[in-house]
Amino acid sequence: MYTQSFNVPDVRENTDATLPLSRVGAPDEADAARQARFEDKLSADHKIEPQDWMPEAYRKTLVRQISQHAHSEIVGMLPEGNWISRAPSLKRKAILIAKVQDEGGHGLYLYSAAETLGTSRDQMLADLHSGKAKYSSIFNYPTLNWADVGVIGWLVDGAAIMNQIPLCRCSYGPYARAMIRVCKEESFHQRQGYESLLTLMRGTVEQKAMVQDAVNRWWWKCLAMFGPPDSDSPNSVQGMRWGIKRISNDDLRQKFVDATVPQAEVLGVSLPDPELKWNEARQHYDFGAIDWDEFWATVNGNGPCNKERLATRVKAHQEGQWVREAALAYAHKQTQKHPTQQEAA
Ligand code: BYC
């Protein structure tokens, strides 16, 4: 089973994440004052920064979410990375290389943000590689044809942006700031995916069929990507109270469906859901039931590509060992050569 593990020790009591903010962690007067300052900052919508006091449960929640997010970015490089050597033109290859590199960069910003909370990158990567840590369910499905790359851009990155825009207003400063840059880049990713699909849809009958096939395979997985329904989401209430999450899983899912249906119409593809229809009274699209058993099987390590993804990630990490050693040796040499410069930096 996959569970999230932390190297962050529990240093204080009374930090039960299910308690209301006003009752979280306040064993003595000094702590009560710190707690009050923390809550005041949240109420005033000010950012919590790494040097600020924060309840242990808040810190652990952030480490869980940010590290999981970082893992998703670097595992997310793999399904599309498979297509770099098979991209149909030099232009598409250059775009795809840039996109996959961006995802690696997002992982780095996010690991850095998590490190400000007192956890180490080595520990986070060890948890990913041992299968203890979660990453997004969406990356455990195969990319079977070239249209999958366009559909990942359009739907997967589209879903990612919908989820991540509210995170730019997250209460934890380093995470919120990282997300601003991530969202700008994700927006380019989404547009390049959509543009690539528009090109295919102007092509042959076979190319159009390829796009429709890819949409059929990815649509439901993208809806599940937003996480379990609010009624089954154990972390949502506290996450929203702390200003980490701003919009609930179900509300984001609905926003994604509402935004995507018109885009599918322009593209000329159908979405594989007979129950999908506009509801005049709700002013939203209704949609069918998501297969949550399939989602949980994938999250728990039994999706079609979980084992392959982890094995590829571990191999890449091992093969990059010499690069990390060389970079460290170089940094060490520089420190010896220019000790004062390094200290000043
Ligand atoms: N996959 O109480 P809930 C990208 C877990 S990167 C796997 O609602 P929470 C991209 C959840 O962790 C996409 N697990 O949790 C990259 C929790 O388990 P734990 C990643 C999932 O945290 C490259 C349990 O289910 N984006 O798009 O309040 C190329 C109960 O859920 C999933 C982020 O990570 C899932 N889909 O809400 C292209 C964004 N959903 O941890 C694209 C940041 C839920 O208690 N994260 N779980 O053991 C978030 O916004 C929130 O963490 C979530 C879940 C909405 C994902």
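The rules behind these values
- Residues numbered from 1 in each chain as written.
- Predicted model: local features only at pLDDT ≥ 70, side-chain atom pairs only at ≥ 80, totals over all residues.
- Heavy atoms only, no water.
- Salt bridge = Lys/Arg side-chain N within 4 Å of Asp/Glu carboxyl O.
- Buried < 20%, exposed > 50% of the residue type's maximum accessible area, 1.4 Å probe, protein only.
- Helix = DSSP H or I, 4+ residues; strand = E, 2+ residues; numbered from the N terminus.
- Phe/Tyr/Trp six-rings, centres within 6.5 Å; stacked < 30°, edge-to-face > 60°.

Colleague: Quick question: what am I supposed to make of the pattern of salt bridges here?
Modeller: Close approach of charged atoms allows side chains of opposite charge to pair. Tallying each qualifying case throughout the model produces 18 salt bridges. For R282, the salt bridge is made with D286, and the minimal N-O distance between the two is 2.8 Å. A relative accessible area of 22% places D286 in the partly exposed class. Across the pair K315 and E319 runs a salt bridge whose closest N-O atoms are separated by 3.2 Å. In this pair, K315 and E319 both sit in helix α12 (residues 306-319), four residues apart, roughly one turn of the helix. Through salt bridges that share partners, E80, K99, E103 and D157 make up one connected network.

Colleague: Please explain the packing of aromatic side chains as it appears in this structure.
Modeller: Centre-to-centre distance and the angle between the planes together describe a pair of aromatic rings. Under the counting rule described, the total for this entry stands at eleven aromatic pairs. Geometrically, the ring pair formed by Y141 and W218 is edge-to-face, given 6.5 Å between the ring centres and 80° between the ring planes. Residue Y141 is located in the loop between α5 (121-129) and α6 (146-164), and its partner W218 is located in helix α8 (residues 205-224); the two are separated by 77 residues in the primary sequence. When sorted by exposure, Y141 lands in the same class as W218, which is buried. With a centroid separation of 5.7 Å and an interplanar angle of 50°, the aromatic rings of W154 and Y194 are classed as tilted. Here the residue W154 occupies a position in helix α6, and Y194 occupies one in helix α7 (residues 173-201), the gap between them amounting to 40 residues. Each member of the pair W154 and Y194 is classed as buried. Ring pairs connect the aromatic residues F38, W53, Y58 and W242, which therefore count as one cluster.

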